[in-house]
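Chain and residue survey
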Amino acid sequence: MPLLKWRWVAAAAGVVAVVTAGLLWLLLGWSGSPDAPVRIDAVKTAFGIGAGAGGVFALWLATRRQRTMELQLAETTRVAGVTERDLEERRVTELYTKAVEQLGSDKAPVRLGGLYALERLGQDNPKQRQTIVNVLCAYLRMPFKAPPTGLRGRTGAELKDEEDPELLVRLAAQELLKTHLSHDEPGFWPGMSVDLQRAVLVDFRLSGCTLAAADFSRAEFVGAVHIRGTTFTRRAGFYGTEFGDIANFDQSVFEEGAFFSWAHFARDVRFTRIRSGGLFQCSHTNFEGGADFEGGEHAELDLADARFPQDGTK
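Scope of this entry: the structure provided in the associated data block.

What the protein chain contains, in helices and strands, is six helices and 18 strands. Taken over 314 residues, the protein chain has a buried fraction of 36%. Looking at the protein chain as shown, the accessible area adds up to about 17700 Å², and 57% of this sits on carbon and sulfur atoms.

All right, on to the pattern of salt bridges then. Summed over the entire model, instances satisfying the criterion amount to seven salt bridges. Of the charged contacts in the structure, one is a salt bridge between Asp 250 and Arg 228, with a shortest N-O distance of 3.0 Å. One end of the pair, Asp 250, is in the loop between strand E10 (247-248) and strand E11 (253-254); the other, Arg 228, is in the loop between strand E6 (225-226) and strand E7 (231-232), with 22 residues separating them in the sequence. The exposure class of Asp 250 is buried, given its relative accessible area of 0%. One salt bridge in this structure joins Asp 245 and Arg 267, with 2.8 Å as the shortest N-O distance. Here Arg 267 lies in the loop between strand E13 (264-265) and strand E14 (269-270) and Asp 245 lies in the loop between strand E9 (242-243) and E10, a separation of 22 residues in the sequence. Overall, the relative accessible area of 44% leaves Arg 267 in the partly exposed class. Connected via shared salt-bridge partners are Arg 111, Glu 166 and Arg 170.

What follows concerns the nonpolar core. Judged by nonpolar contacts, the single largest core of 57 residues is most densely connected at Phe 216, Phe 243, Phe 249, Phe 260, Phe 265 and Phe 271. Sorting the residues of this core by element identifies helix H2 (36-103), helix H3 (108-124), helix H4 (129-141) and helix H6 (165-181) as the ones contributing at least two each. In terms of residues, this core owes the most to one element, H4, which gives seven residues. For Phe 243, the residues in contact, after removing those within four places along its chain, are Phe 221, Val 225, Phe 238, Phe 249, Phe 260, Ala 263, His 264, Phe 265 and Ala 266. Core analysis: the next-biggest nonpolar cluster, separate from the first, contains six residues, Phe 144, Leu 167, Val 200 and Val 202 among them.

All right, on to the environment of Gln 310 then. In this structure, Gln 310 sits in the segment after strand E18 (297-302). Relative accessible area serves as the criterion here: at 89%, Gln 310 is assigned to the exposed category. A sequence separation of 22 residues divides Gln 310 from Glu 288, and the C-alpha atoms of the two residues are 9.2 Å apart.

Attention shifts here to the pairing of strand E15 (residues 275-281). Across two bridges, the pairing between E11 and E15 is parallel. Bridge pairing links Phe 254 to Ser 276 in E15. Across two bridges, the pairing between strand E12 (residues 258-259) and E15 is parallel. Residue pairing for E15: Phe 259 is matched across the bridge by Gln 281. Direction of pairing for E15 relative to E18: parallel, over a ladder of five bridges.

Any empty space left between the atoms is revealed when a probe the size of a water molecule rolls over them. On inspection of all chains with the given rule, the structure shows one cavity of 30 Å³ or more. Estimated volume of the largest cavity: approximately 30 Å³. The wall of the largest cavity is formed by Val 133, Leu 136, Leu 176, Leu 177, His 180, Leu 181 and Trp 189. Secondary-structure elements contributing two or more residues to the lining of the largest cavity are H4 and H6. The leading source of residues in the lining of the largest cavity is H6, at four residues.

Okay, unusual backbone geometry next. Phi is positive for Gln 251, close to 65°, though the residue is something other than glycine. Within the secondary structure layout, Gln 251 lies in the loop between E10 and E11. One non-glycine residue, Asp 305, lies in the positive phi region at around 60°. Owing to a relative accessible area of 55%, Asp 305 belongs among the exposed residues under this scheme.

About the cut-offs
Throughout this description, residue numbers start from 1 for each chain and increase along the sequence as written. Only residues with pLDDT of 70 or above have their local features reported here, since the model is predicted, and side-chain atom pairs are shown and tallied only from 80 upward, although totals for entire chains, interfaces and linings are computed over all residues. To obtain the side-chain values, all non-hydrogen atoms of the structure were included, while hydrogens and water were left out. Labels follow the DSSP assignment, with helices taken as runs of H or I lasting at least four residues and strands as runs of E lasting at least two, numbered in each case from the N terminus. Each residue gets one of three labels from its accessible area relative to the maximum for its type: buried under 20%, exposed over 50%, partly exposed in between, using a 1.4 Å probe on protein chains only. Note on areas: Shrake-Rupley, 1.4 Å probe, and residue coverage restricted to the protein chains presented here. Each salt bridge in this description consists of a side-chain nitrogen of Lys or Arg and a carboxyl oxygen of Asp or Glu lying within 4 Å of one another. What is meant by a nonpolar core is a set of buried Ala, Val, Leu, Ile, Met, Phe, Trp, Tyr and Cys residues, joined one to another through side-chain atoms within 4.5 Å. It only takes one pair of heavy atoms within 4.5 Å for two residues to be counted as in contact. Being paired, for any two strands, means DSSP has found at least two bridges between them. As defined here, a cavity is a set of points on a 1 Å grid over the protein atoms alone where a 1.4 Å probe fits but cannot get out. A pocket is an open set with protein on both sides within 12 Å along at least five of seven lines, and residues line them when an atom is within 4 Å of a point. Grid points are joined across faces, edges and corners, and a volume is the space filled by probe spheres set on the points.

None of the figures reported here should be taken as evidence of function without further support.
Written as structure tokens, this is what we have:
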């Protein structure tokens, strides 16, 4: 028992002894009958009161001990919780670091393993999802020699001639973004933002998705682009973007508008039935293959100095 507790016990015993002695003296001194029965009753009464006082103190001491034990248990539980969180954060950090290191490998299968390791990490740890999306976008922004055209619709022999392991890794990264931004998928990650400025994207699909900020400024789309029925909760950026094939934005929603200024569409683009809650800016945009805005709802549509085909398709 700690020294402090022994002092409390000693002090309590002394108090009880003093109280008992004082009561005994008072009862014996003030008693009008000095006979033995009276003295015996006085002694019994004094010791009874002393025992009661001792019992009260014992109860107080037990209550105090119980309170101390509760506080110690609460502190132990808190420390255990902090330790567990620290261990979990350390584990997540180690998994993240290892996956990112895999992305830097010179072997395509190892890079693919890093992508899927990051995906599993994000699926199990919602707080890490935006960071993982940022890593996927950063990977797609890295320099890449794209094929001259998209791969969809081409024969197996044609694909084999241009088979590129790095292309397969990048297509997998694009598909992971599509999977976790699709609002109808069980693996949907809400509230994500993407930064794909200057990225080279092949056969890019983002249909049926919901995301917050999105910036594709000066990106290069190789092959068809399908961003149909997608909701952008913040303003979407396609400034100076190069679209090498058809682009489909049918039924997409731009809640805060979008800017396609100085973009270049080499083939047809469909902005049919889209809804824009803010400025939909297409100034200086080159619609080489024509553009279809039929059924669109725009708070404001800016087509200043936009260029359309000579037949006036618009």
